[in-house]
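The chain contents come next:
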Amino acid sequence: MEKARLCGNCGRNALAGVFLGNVDFRSLIMSVAITLKELSLGYGSELAVSKIDASIHNGTLTAVIGPNGAGKSTLVKGIAGILKPVEGKIAISGKRRERLSYLPQQSEIDRSFPISVSNLVAMGLWSKIGAFSALGKKELASIKEALAAVGLTGFENRPINMLSGGQFQRALFARMLLQDADLILLDEPFSAIDLKTMADLIQIILGWHREGRTLVVVLHDHEMVKAHFPDTFMIARELVAHGSTADVLTAENQFKARQMCEACDSIPHTCGKSVA
C-alpha cells in the first residue's frame, strides 16, 4: 500500500476514518516492505502455498504461524528469494532485497564444515568487505562485540561442530548482527534450544524491532507470539488471516486453519476456500 496522501477530500476522509475508529492508523503512516500478489510457491509440480495476497509494512514484527505442513517455511523461502514463485509475484521495496538476512532452520545447516565460531560470525561482514578480504582491527572488534552480545565471549576459536544447539544459534544470531539487515527472516529460530538461549535471542529480536527493522519469524509457540509479536500472519497453504495478533490468533481462526490443512489429502491446495 502506498503512503496515503492527506490532501483534499481524500485526506479529510482518511483522517475522519482514523478519528471514527474504522481505519487502521498504521496503514496511513507505514510504507510497505513486502508485497505478495496472488503468490503460489511449490516444489516441482506440487504447490505448498497458494494464491496469497498480503502486504507486510516496514518496521513490523510479524509471526508466521499455522499447522504443520501449512507452508510457513516455504513462504519465508519465497520472500528470501530461495524459491521462485510458481504464480504471482513477491515485491521487496527499495533496496531491502540487498539488505535482507535469512536464517533457515538449524536442521538445514551443515555443521560439519571445519570452521571456528569467529569465522562463522565474520561471514556477516562479507557484504561490506567481501568474502576474501583480511579482517582489520575494526572488523575484529565488531566480531568480538557481536559475540559478547549473544553471550559467546571466549568461544571465538571453538569449532562450530562442538557447539550445543543453543550455542550454535547464538553464533548465527551474532552473524546476523554483523549483517545489519533492514529485512530479517527467521525460520523456527527457537527450535531445539534451551530456555535461557530462547529468552536472550528474543531480546535481540525485540531490539531489532525497536530499531525499526522489519522482521518475519516462523513460529509454533502461540504463547510466545501473544507475548512478543504485535502482528501475525496465519496460513494453511492459503492465507487464513493477517493483522494484529489479537485479531488473528483466535480460536476460530486456528480451527479454520486446521480444517483447511486436514481437508487436503494432496496438494495443490484447492479446498480451503470451501471450508466454513
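Structure: above.
My aim in this report is to walk through the structure given alongside it, one point at a time. All chains use their own residue numbering, which begins from 1 and follows the written sequence. Two thresholds apply to this predicted model, a pLDDT of at least 70 for residue-level local features and 80 or more for giving and counting side-chain atom pairs, whereas whole-chain, interface and lining totals are computed over all residues. Calculation of side-chain values draws on the structure's entire complement of heavy atoms; hydrogens and water are dropped beforehand.

This next bit is on the packing of aromatic side chains. Only Phe, Tyr and Trp rings are paired, with Trp represented by its six-membered ring, and only when their centres lie within 6.5 Å; those with planes under 30 degrees apart are stacked, over 60 edge-to-face, the remainder tilted. The final tally for this structure, using the stated rule, is one aromatic pair. Centre to centre, the rings of F173 and W208 are 5.7 Å apart; their planes meet at 20°, and the pair counts as stacked. Highlighted residues: F173 in helix α7 (residues 165-179) and W208 in helix α8 (residues 195-210), separated in sequence by 35 residues. In this pair, the class of F173 matches that of W208, namely buried. A cation over an aromatic ring shows up here: R111 above the ring of F168, its NZ or CZ 4.4 Å from the ring centre. A run of H or I in DSSP counts as a helix once it spans at least four residues, and a run of E counts as a strand once it spans at least two, with each numbered from the N terminus. For every residue, the accessible area (1.4 Å probe, protein chains only) is compared with the maximum for its type, and the residue is labelled buried under 20%, exposed over 50%, or partly exposed between those bounds. Here, a charge over a ring means that NZ of Lys or CZ of Arg falls within 6 Å of the ring centre while also lying within 35 degrees of the ring normal.

Secondary-structure assignment places S244 in strand β9 (residues 239-244). Contacts were defined at the residue level, with two residues in contact if any of their heavy atoms lie within 4.5 Å. Not counting the four nearest positions on each side in its chain, S244 is found in contact with P230 and D231. Polar contacts, as counted here, are pairs of nitrogen or oxygen atoms within 3.5 Å of one another; within protein the pair requires one atom able to donate a hydrogen and one able to accept it, and residues that are adjacent in sequence qualify only if both atoms are side-chain atoms. Within the structure, the side chain of S244 is placed 2.8 Å from the side chain of D247, a separation counted as a polar contact.

Turning to the pattern of salt bridges, a few remarks are in order. Salt bridges are defined by distance alone: a side-chain nitrogen of Lys or Arg within 4 Å of a carboxyl oxygen of Asp or Glu. If you walk through the whole model with that rule in mind, you get 10 salt bridges. For E38, the salt bridge goes to K51, with nearest N and O atoms at 3.9 Å. With E38 in strand β1 (residues 32-43) and K51 in strand β2 (residues 46-57), this pair connects stretches of sequence that are 13 residues apart. For K51, a relative accessible area of 37% puts it in the partly exposed group. Its salt-bridge partner being R213, residue E211 comes within 2.7 Å of it at the nearest N-O pair. The class for E211 is exposed, based on a relative accessible area of 55%.

That's the geometry; what it means functionally is another story.
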